[in-house]
Amino acid sequence: MKHKQELSTNLRRYLKKTRQRKLLILSGQIGFLILFLALWQILTDCGVLDSFITSSPSKICLQLKNLSVTGELFRHVWVSTKETLIGFVLGTLIGTVTAIILWWSPLLNKIFEPYLVVLNSLPKVALGPIIIIWAGTGQTAIVTMAVLISVVITTITMLNGFNETDENKILLLKTMNATKFQIFTKLVFPSNLPTLLSALKINVGMAWIGTIMGEYLTSKAGLGYLILYGGQVFKLDLVMTCILVLCVVAAVMYLIVAKIEKMLIKWRN
């Protein structure tokens, strides 16, 4: 009885320390952000920083308010988010299916391995003119850019995960006369769910990179369009505001994927 009470006391102390540490980290993160913004505003007010070049938190807030009142902010955010979501989903699906095909056929794996390496190292923005000619100058070209960036990463990540599946477990299933389909569905794919979830988190950033790059090349709306427009007319307030909004939207999308990951891990356990 006494031993159980000691364990309970130690557990409460551990949980309390864990909560205190999380609170300390959160307070530090918020405190650093507030300090950074305050210092930025003070330096621009004192003339140490040129607000025309660096903008300032107060000007960004004013720009954010103006964009929200006119409804322009929500329209451009929705356009970029829609393009990113489409590129994210298509890139993940196509990349995963491609990885399955390459794992299924070792011959195809060996044939296309150098091409995957080349495509992964190739700056995708170099394909911009070709994409515009093939897909046009609308959202199709932007989504294509997002897909191209995320699909190669997904293929390589998932294929490496499939190839690194425990050989002893595969051999065990083969001795039990399991088919290749059974080996994949019962062992290879389930054991690589964490790899897929990691690929999803990576693809959030990759899809946003592709979308913004595509909007730089050809767009009439979206956060990338506003950033490019603001830079061309030297409206740094607009550029900084759009970058801030882009960070927030991308972070929310990442947190949603991370939440799904936790739910799936909890379900598996």
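Residues numbered from 1 in each chain as written. Predicted model: local features only at pLDDT ≥ 70, side-chain atom pairs only at ≥ 80, totals over all residues. Heavy atoms only, no water.

Focus: the overall build of the chain
Where we set the bar: In this text, helices come from DSSP runs of H or I with a minimum length of four residues, and strands from runs of E with a minimum of two, each type numbered from the N-terminal end. Only protein chains enter the accessibility calculation, which uses a 1.4 Å probe. A residue is then buried if its area is under 20% of the maximum for its type, exposed if over 50%, and partly exposed in between. Two residues qualify as a contact provided that any one of their heavy atoms is within 4.5 Å of a heavy atom in the partner residue. Methods summary: accessible areas were calculated by the Shrake-Rupley approach with a probe of 1.4 Å, and residue burial reflects only the protein chains presented.
Looking only at helices and strands, one finds twelve helices and zero strands in the chain. Scanning the chain from its N terminus toward the C terminus, one meets helices and strands in the order α-α-α-α-α-α-α-α-α-α-α-α. Every one of the 269 residues in the chain was classed for burial, and the buried ones make up 33%. Expressed as a percentage of contacts within the chain between residues at least 6 apart in sequence, the contacts between residues at least 24 apart total 72%. With the model as given, the accessible surface of the chain reaches about 17100 Å², and the carbon-plus-sulfur share is 71%.

Let's talk about the nonpolar core
Stated formally: In this text, buried Ala, Val, Leu, Ile, Met, Phe, Trp, Tyr and Cys residues form a nonpolar core when linked through side-chain atoms within 4.5 Å.
Counting residues in each nonpolar core, the largest one holds 21 residues, and the members touching the most others are Val-77, Phe-88, Val-204, Trp-208, Leu-223, Cys-242 and Val-245. Going through the elements one at a time, helix H4 (72–104), helix H10 (193–217), helix H11 (223–232) and helix H12 (236–268) are the ones with two or more residues in this core. It is H12 that contributes the most residues to this core, eight residues altogether. Setting aside residues no more than four positions away along its own chain, Leu-223 makes contact with His-76, Val-77, Ser-80, Ile-212, Glu-215, Cys-242, Val-245 and Leu-246. Among the nonpolar cores identified, the runner-up in size contains 14 residues, and Leu-102, Phe-184, Leu-187 and Ala-199 belong to it.

Quick look at the packing of H4 against helix H7 (residues 139–163)
Helix-helix packing: each pair is described by the crossing angle between the helix axes and the interaxial distance. Put simply, the rule reads: Between N-to-C directions, angles span 0 to 180 degrees; the directions come from axes that are lines fitted to C-alpha atoms, helices contributing only their stretch in contact. Working rule for handedness: look at the near helix, and if it is turned counterclockwise from the far one by less than a right angle, call the crossing left-handed; if clockwise, right-handed. Ten residue types, Ala, Val, Leu, Ile, Met, Phe, Trp, Tyr, Cys and Pro, are classed as nonpolar, four, Asp, Glu, Lys and Arg, as charged, and the remainder, Gly among them, as polar.
With their axes 6 Å apart at the nearest point, H4 and H7 run at an angle of 35° to one another. Like other packed secondary-structure pairs, H4 and H7 cross with a definite hand, here right-handed. The residue makeup of the contact of H4 with H7, split by class, is 16 nonpolar, eleven polar and two charged.

Quick word on helix H3 (residues 57–70)
Since one α-helical turn is 3.6 residues long, residues separated by three or four positions face the same way. Convention followed: What a helix is expected to span follows from its residue count: subtract one and scale by 1.5 Å. This arc describes the spread of directions from the helix axis toward the C-beta atoms.
In this model, H3 (14 residues) spans 20 Å end to end at C-alpha, consistent with the 20 Å of a helix rising 1.5 Å per residue. Those residues of H3 lying buried are Pro-57, Ile-60, Gln-63 and Leu-67. Down the axis of H3, the sector holding all buried residues measures 120°, keeping them to one side. Away from its buried face, by an angle of more than 90 degrees, H3 presents the exposed residues Cys-61, Leu-62, Lys-65 and Val-69. Looking one or two residues beyond H3, the residue adopting positive phi is Gly-71, at roughly 85°.

Some thoughts on the state of the cysteines
Here a disulfide denotes one covalent bond, and it connects the sulfur atoms of two cysteines. This is how it is decided: Throughout, a disulfide means two cysteine sulfur atoms within 2.5 Å of one another.
Counted under the stated rule, the structure contains zero disulfides. The thiol of Cys-61 is not disulfide-bonded; the next cysteine sulfur, from Cys-242, is found 14 Å away. What makes Cys-61 exposed here is its relative accessible area of 52%. Sulfur of Cys-247: no disulfide; nearest cysteine sulfur belongs to Cys-242 and is 11 Å away.

Focus: the packing of aromatic side chains
Short version of the rule: The pairing test for Phe, Tyr and Trp rings, Trp by its six-membered ring, is centres within 6.5 Å, and the orientation test on the planes gives stacked under 30 degrees, edge-to-face over 60, and tilted for anything in between. Cation placement over rings: the criterion is NZ of Lys or CZ of Arg within 6 Å of the ring centroid and within 35° of the ring normal.
Enumeration according to the criterion identifies seven aromatic pairs in this entry. Both rings, one in Trp-103 and one in Phe-184, keep their centres 5.4 Å apart while their planes meet at 40°; by these two values the pair is tilted. Of this pair, Trp-103 sits in helix H4 while Phe-184 is found in helix H9 (residues 180–191), placing the two residues 81 residues apart along the sequence. Looking at Trp-103, the relative accessible area reads 11%, which means it is buried. Given a relative accessible area of 8%, Phe-184 falls into the buried group. With a centroid separation of 6.2 Å and 55° between ring planes, the pair formed by Phe-112 and Tyr-115 is classed as tilted. With Phe-112 and Tyr-115 both in helix H5 (residues 106–121), this residue pair falls three residues apart, about one helical turn. Through a chain of ring-to-ring contacts, three or more aromatic side chains come together here, namely Trp-103, Trp-104, Phe-162, Phe-184 and Phe-189. Over the aromatic face of Trp-103 sits the side chain of Lys-180, whose NZ or CZ is 5.3 Å from the ring centroid.

Here's the deal with empty space enclosed by the protein
Counted only if it meets this: Residues are said to line a cavity or pocket when one of their atoms sits within 4 Å of a point; the points come from a 1 Å grid over protein atoms alone, cavities being sets where a 1.4 Å probe fits but cannot get out and pockets being open sets with protein on both sides within 12 Å along at least five of seven lines. Grid points are joined across faces, edges and corners, and a volume is the space filled by probe spheres set on the points.
In the structure shown here, the tally under the stated rule is one cavity of 30 Å³ or more. Empty space within the largest cavity amounts to approximately 40 Å³. Gly-128, Ile-131, Ile-132, Ala-141, Ile-142, Met-145, Gly-214, Leu-217 and Thr-218 are the residues that line the largest cavity. Of all the elements in the fold, those that place two or more residues in the lining of the largest cavity are helix H6 (128–135), H7 and H10. Split by residue class, the lining of the largest cavity holds six nonpolar, three polar and no charged.

Remember that the coordinates give geometry; whether it matters functionally is a separate question.
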